[in-house]
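# Structure assessment
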Amino acid sequence: MDIDSRALRNALGRFATGVCVISTVSEKGEPLGLTANSFASVSLDPPLVLWSLQNNSDVYDIFSSARYYAINVLATDHLEHSNRYAKKGDHLLDPGHFRSGKFGAPLVEDALVSFECELHATHEGGDHLIIVGRVTDMQAREDGEPLLFYSGSYRNLA
Ligand SMILES: Cc1cc2nc3c(=O)[nH]c(=O)nc-3n(C[C@H](O)[C@H](O)[C@H](O)COP(=O)(O)O)c2cc1C
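Residues numbered from 1 in each chain as written. Predicted model: local features only at pLDDT ≥ 70, side-chain atom pairs only at ≥ 80, totals over all residues.

## Focus: the overall build of the chain
Counting secondary structure elements, the chain contains 3 helices and 12 strands. Against the globule reference of 15 Å for 158 residues, the chain gives a C-alpha radius of gyration of 15 Å, in line with a compact fold. Along the longest, intermediate and shortest principal axes, the C-alpha atoms of the chain span 50 × 35 × 35 Å. Across the 158 residues that make up the chain, the buried fraction comes to 30%. Within the chain, residue pairs in contact and separated by at least 24 positions form 65% of the contacts whose partners lie at least 6 positions apart. (Helix = DSSP H or I, 4+ residues; strand = E, 2+ residues; numbered from the N terminus. Rg over C-alpha atoms; globule rule 2.2 N^0.38 Å. Buried ≥ 20, exposed ≤ 12 C-beta atoms within 10 Å, placed from the backbone. Contact = placed C-beta atoms within 7 Å.)

## Structural notes on the sheet that holds strand S2 (residues 20–25)
If you walk across this open sheet you meet the 7 strands as S3-S2-S6-S9-S10-S5-S4, and the pairing is antiparallel. Each having just a single partner strand, strand S3 (31–36) and strand S4 (40–43) make up the two edges of the open sheet. Direction aside, the axes of adjacent strands within the sheet are offset by 35 degrees on average. Looking at chain direction, S2 and S3 are connected through 6 bridges and run antiparallel. Bridging from a neighbouring strand, cysteine 20 pairs with alanine 36 of S3. (Pairing = 2+ DSSP bridges. Axes fitted to C-alpha atoms, helices over the stretch in contact; angles between N-to-C directions.)

## Some remarks on the site of the ligand
By nearness alone, 17 residues border the ligand, and Ala36, Ser38, Ser57, Asp58 and Ala86 come closest of all. When contributions to the shell around the ligand are tallied by element, the ones reaching two or more residues are S3 and strand S5 (48–54). The biggest single contributor to the shell around the ligand is S5, with 4 residues. Looking at the shell around the ligand, its residues break down into 8 nonpolar, 7 polar and 2 charged. (Near = placed C-beta within 6 Å. Nonpolar A, V, L, I, M, F, W, Y, C, P; charged D, E, K, R; others polar.)

## As for the sheet that holds strand S1 (residues 17–18)
Strand order across the open sheet formed by 3 strands is S1-S11-S12, with antiparallel pairing between neighbours. The open sheet has two edge strands with one neighbour each: S1 and strand S12 (153–155). In terms of strand pairing, strand S11 (residues 148–150) meets S12 through 3 bridges, oriented antiparallel. Counterpart to phenylalanine 149 in the pairing with S12 is tyrosine 154.

## So, the environment of serine 100
Within the secondary structure, serine 100 sits in strand S7 (residues 98–100). Residue serine 100 is classed as exposed on the basis of its C-beta count, with 11 C-beta atoms lying within 10 Å. Taking the C-alpha atoms as reference points, serine 100 and glutamate 116, 16 residues apart in sequence, are found 10 Å from one another.

## Description of the nonpolar core
One finds Cys20, Ile22 and Leu74 to be the most contacted residues of the largest nonpolar core, which totals 32 residues. No other element matches the 4 residues that strand S6 (residues 68–73) contributes to this core. Filtering out sequence-adjacent residues up to four positions away, cysteine 20 remains in contact with Ala36, Asn37, Phe39, Ile71, Asn72, Val73 and Leu74. (Core = buried A, V, L, I, M, F, W, Y, C linked by C-beta atoms within 7 Å.)

## Comments concerning unusual backbone geometry
Omega for the peptide link from aspartate 45 to proline 46 comes to 10 degrees, which places this bond in the cis form. With respect to the helices and strands, the residue proline 46 is situated in the loop between S4 and S5. In this model, aspartate 110 sits at a positive phi of 65 degrees, which is unusual for a non-glycine residue. With 16 C-beta atoms packed within 10 Å, aspartate 110 lands in the partly exposed category. In the Ramachandran plot, serine 151 falls in the positive-phi region, its phi being about 50 degrees despite a non-glycine side chain. Its location among the elements puts serine 151 in the loop between S11 and S12. Classification of serine 151 by C-beta neighbours within 10 Å gives exposed; the count is 11.

Scope: geometric values only; no functional claims are made or implied.
Structure follows, in structure tokens:
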């Protein structure tokens, strides 16, 4: 059976996800953020998580080779962050949106949880690169509700 890409995208969209901003610092010292919903847990021991990066991203070289980065899980009040860091050519993090983590990656302020990661492995995944990171620290907010993405739209739990 030939799979039509648009139909596949629509079908995959029926799997509800959270929304994250992946953050890192470029070699030039710029703090960068990229919206992603491909985050998944991989392993508890060792602590590994993954996300996948489009091969044709303008910031592919930076995010695919970043040794230290963070995966920030967004809350409902971060909808503007999600749109902002999904814009092509506009991944510079606003100074008011982040603080520095223990291992150098920028952490999104008020994220539900931020996982600081050190690059563990990358794997080819068709038109994406699967990036596996070892979790080196976690910082969670006590309250807050998750920003959700379902069928191409943002949702919330209520
Ligand atoms: C809800 C949502 C989820 C996304 N998930 C991913 C993802 O998992 N991986 C990815 O590479 N891009 C993802 N994107 C696209 C990027 O955020 C962004 O649009 C893209 O990086 C822009 O192109 P550029 O990388 O060339 O600047 C997502 C966008 C949205 C709005």
